[in-house]
Amino acid sequence: ERLLTLTINLFDFRFVTKALPNKGQRPWEQSSTLAPLPLSYMEVPYDPEYTLYNSRLTPESLNTATDDEMYWAVRTNVIFRHTGELPIEISGPDAETLLNRVFTRSVSKVKPGRCSYQFACYHDGGMITDGVLLRLSEDRFWMAQADGDLFSWYKAHAEGLDVTIHDPHVWVSQIQGPKSLDLLSALLDELMPDPFQYFDCAKVSIAGQTCWISRSGFTNELGWEVYLLPETDIAAIGDKIMSIGAKFDILLTGTPVFRARRIEAGLLNAGSDFGADTTPFEAGLGNFVEFDDRDFIGRKALEVADKSSRTWGMRVTGGIAQLGQVMRVGRTIVGRVCSSGYSPYQGCGVCIVRMNDPSMGPGTKVKVHCADGSTQQGELCTLPMYDEERLIPRGKLIAIPNRPSTAE
C-alpha cells in the first residue's frame, strides 16, 4: 500500500508530494492524477519530493547529490532522470493532416524513425505548449509534450478526419551526458540502431523488453530518452539501466539537473518561459514557424504579428535572480525573469528573460533583484549561451569541461 503525503505550497502554488510507490505497480491502472512513474521506486531511498506535471508526479528533488553535483554529472558523465513528459498517440490515415493543422512546422517533412520539435498555438498566435514529436510509422505518431493540454486541442480539430487520439500509457525517462551513448550500447540486447543520429528514434530491446528510444533530451548534452511501454516489465529495463550504469557511475537525479543546463542552452520551459500571452516570435522561436502551404491554427495572427524576439538569456554577477518583473534600468521595470539558476561552469547566475521593449537585446545591462534580497548587475546575452551550433547533443563536440577546483 502506497503512502502519500501531499503538501500545497501556497507561496508558489506548486503541489509537492512524497510518495512510496510499490515496485511493479501499474500506474496506467491508477487515476490519471498523482501517478508516479513506474521506476519511481528507485527514488524512494533518496527522500524524494515530487511536483505535479502533466497530471503525473516527477521528482523535484532527491538527496543523491547537490544541485552543483547533478549539474557536473550531466556535463561530464551520465545521469538518469524520470520525467513527467506525456506522450499522446495520434494515428490513422489522417494523422499527418491533423498534426499539420495543429503545429506551426510541417509534419510532412518528418520521416518515420525521426523526431521533430513542435509546438501548438491558439488562433490568436499565443502558445499552448511544446514537445518532441516522434514519427513511429507513416500513420502513427507520439507527441511527448511538456505540461499543458494538447489532447483536447487535437480532439477539437479532428472533426471529419480518420484519426485516433489516445493516451498509450507510455512513460519517459532521460539518460543524458557524454557517456550516455556508451551506456546505451552496453544496455541493448542487440547492436545499436544504425543510423541513430540526433533526433532519430527507434524500437529496441533492453533486458528482453521492447521499448522506444530517441536521441533527444532537455539538457543540450549528448543523450537519449527511453519510452517505457505498458504490458512490459518496466522494472527490468530500469534495473538494467542502473546495474550497467553503475559501471559508468550513473547518477539518479531530480529537476535541478536540468535547470541551469537547459537555461544555458536556451531550452524554454512551457508555462514559465512562454505561454498563451506569448507568440513564438516573442519567445525567440520564430524559426519554428513555417508559412508554407498549410493553414495551421494561428497562422493568420502570426502572419501579421511583430516578428521581433523579446526573449534572451542573461548572466547575473554575484547572485541568482528572483523570478518575476525584477529587472530595472533606473527606476523603470524593463522585463521579466522567466527562469533562473546558477551555472557552476560559468560561475554566475543564468536566466531566461522576456523584455518589455524588443529593442533591448544582448549587451543590455540591468539591475536585478536576487533571491537573497540583494541587487546585482545582469547583462543580456544570446541563447544558447555557448555551443551556439548545438554541436554537443549531435556528438560533434566531445570536449568535456573541467570542473573548477572549488566544485571538487
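This report concerns the structure included in the present document.

About the thresholds
- Residues numbered from 1 in each chain as written.
- Predicted model: local features only at pLDDT ≥ 70, side-chain atom pairs only at ≥ 80, totals over all residues.
- Heavy atoms only, no water.
- Helix = DSSP H or I, 4+ residues; strand = E, 2+ residues; numbered from the N terminus.
- Contact = heavy atoms within 4.5 Å.
- Areas by Shrake-Rupley, 256 points an atom, 1.4 Å probe, with all protein chains shown as cover.
- Buried < 20%, exposed > 50% of the residue type's maximum accessible area, 1.4 Å probe, protein only.
- Phe/Tyr/Trp six-rings, centres within 6.5 Å; stacked < 30°, edge-to-face > 60°.
- Pairing = 2+ DSSP bridges.
- 1 Å grid on protein atoms, 1.4 Å probe; cavity = no way out; pocket = protein on both sides within 12 Å on 5 of 7 lines; lining within 4 Å.
- Points joined across faces, edges and corners; volume = space filled by probe spheres on them.
- Nonpolar A, V, L, I, M, F, W, Y, C, P; charged D, E, K, R; others polar.
- Arc of directions from axis to C-beta.
- Salt bridge = Lys/Arg side-chain N within 4 Å of Asp/Glu carboxyl O.
- Axes fitted to C-alpha atoms, helices over the stretch in contact; angles between N-to-C directions.

Observations regarding the overall build of the chain
Next, step 1: Helices and strands together make up the secondary structure of the chain, namely 7 helices and 22 strands.
Next, step 2: For the chain, the spread of C-alpha atoms along the principal axes amounts to about 60 × 55 × 45 Å.
Next, step 3: Within the chain, counting contacts between residues at least 6 apart in sequence, those at least 24 apart form 65% of the total.
Next, step 4: Summed over its atoms, the accessible surface of the chain is roughly 17500 Å², and 49% of this surface lies on carbon and sulfur atoms.

Brief notes about unusual backbone geometry
Next, step 1: The omega torsion of the bond from Asp194 to Pro195 falls at 5°, within 30 degrees of zero and hence cis.
Next, step 2: Structurally, the position occupied by Pro195 is in the loop between α4 (180-187) and β13 (201-206).
Next, step 3: Here the bond from Leu383 into Pro384 is cis, since omega is -5°, no more than 30 degrees from zero.
Next, step 4: Unusually for a residue other than glycine, Asp47 sits at a positive phi of about 50°.
Next, step 5: Summarising the element assignment, Asp47 is placed in the loop between β3 (35-36) and β4 (49-53).
Next, step 6: Using a relative accessible area of 43% as the deciding quantity, one classes Asp47 as partly exposed.

A few points about the packing of aromatic side chains
Next, step 1: Here the structure, examined in full by the defined rule, presents 12 aromatic pairs.
Next, step 2: Ring centres 6.4 Å apart and planes at 85° place the aromatic pair Phe103 and Tyr154 in the edge-to-face group. Within this pair, whereas Phe103 is found in the loop between α2 (95-102) and β8 (114-121), its partner Tyr154 is found in helix α3 (residues 151-156), the two being separated by 51 residues in sequence.
Next, step 3: Given the relative accessible area of 0%, Phe103 is considered buried.

Some remarks on the pairing of strand β18 (residues 324-329)
Next, step 1: Bridge analysis of β18 against strand β19 (residues 332-343) gives 4 bridges, and the strand direction is antiparallel. Paired with Met327 across the bridge in β19 is Gly335.
Next, step 2: The hairpin turn running from β18 into β19, its antiparallel successor, is 2 residues long, and Gly330 in that turn takes a positive phi close to 65°.
Next, step 3: Pairing geometry for β18 and strand β21 (residues 365-369), over 2 bridges, is antiparallel. Bridge pairing links Met327 to Val368 in β21.

Digging into the pairing of strand β22 (residues 375-381)
Next, step 1: In terms of strand pairing, strand β17 (residues 311-316) meets β22 through 4 bridges, oriented antiparallel. Its bridge partner lying in β22, Met314 is registered against Leu380.
Next, step 2: Summarising the sheet, β21 and β22 pair through 5 bridges and their orientation is antiparallel. Counterpart to Val366 in the pairing with β22 is Gly378.

Quick notes on the side chain of Arg75
Next, step 1: Its location among the elements puts Arg75 in helix α1 (residues 67-76).
Next, step 2: Arg75 has contacts with Pro178, Glu221, Arg261, Tyr345, Tyr386, Ile392, Ile400 and Pro401, leaving out every residue within four places of it along the chain.

Remarks on the layout of surface pockets
Next, step 1: Computed from the structure, the second largest pocket encloses a volume of approximately 1300 Å³.
Next, step 2: If you list the elements that add at least two residues to the lining of the second largest pocket, you get β8, β9 (127-137), β12 (171-176), β15 (223-228) and β17.
Next, step 3: By residue number, the principal contributor to the lining of the second largest pocket is β8, which donates 4 residues.
Next, step 4: Broken down by class, the residue content of the lining of the second largest pocket amounts to 21 nonpolar, 17 polar and 12 charged.

A short note on α4
Next, step 1: Listed as buried for α4 are Ser180, Leu181, Leu183, Leu184 and Leu187. The buried residues of α4 occupy an angular sector of 155° when projected down its axis, which confines them to one face.
Next, step 2: Looking at the buried side of α4, the elements it contacts are β12, β13, β14 (209-214), β15 and α5 (234-245).

Observations regarding the pattern of salt bridges
Next, step 1: Considering all chains together, one arrives at 15 salt bridges under this definition.
Next, step 2: With its nearest N and O atoms 3.2 Å apart, the salt bridge here joins Glu60 to Arg259. Pair noted here: Glu60 is in strand β5 (residues 56-61) and Arg259 is in helix α6 (residues 256-265), with a separation of 199 residues, a long-range link.
Next, step 3: Between Lys109 and Glu290 there is a salt bridge, with the nearest N and O atoms lying 3.6 Å from each other.

Some thoughts on the sheet that holds β18
Next, step 1: The 6 strands lie next to each other as β17-β20-β19-β18-β21-β22, forming a closed barrel whose pairing is antiparallel. Neighbouring strand axes in the sheet, compared pairwise and without regard to direction, differ in orientation by 45° on average.
Next, step 2: Strand contacts of α6: β19 and β20 (348-355), with the helix running at about 125° to β19, the strand carrying the most contacts.

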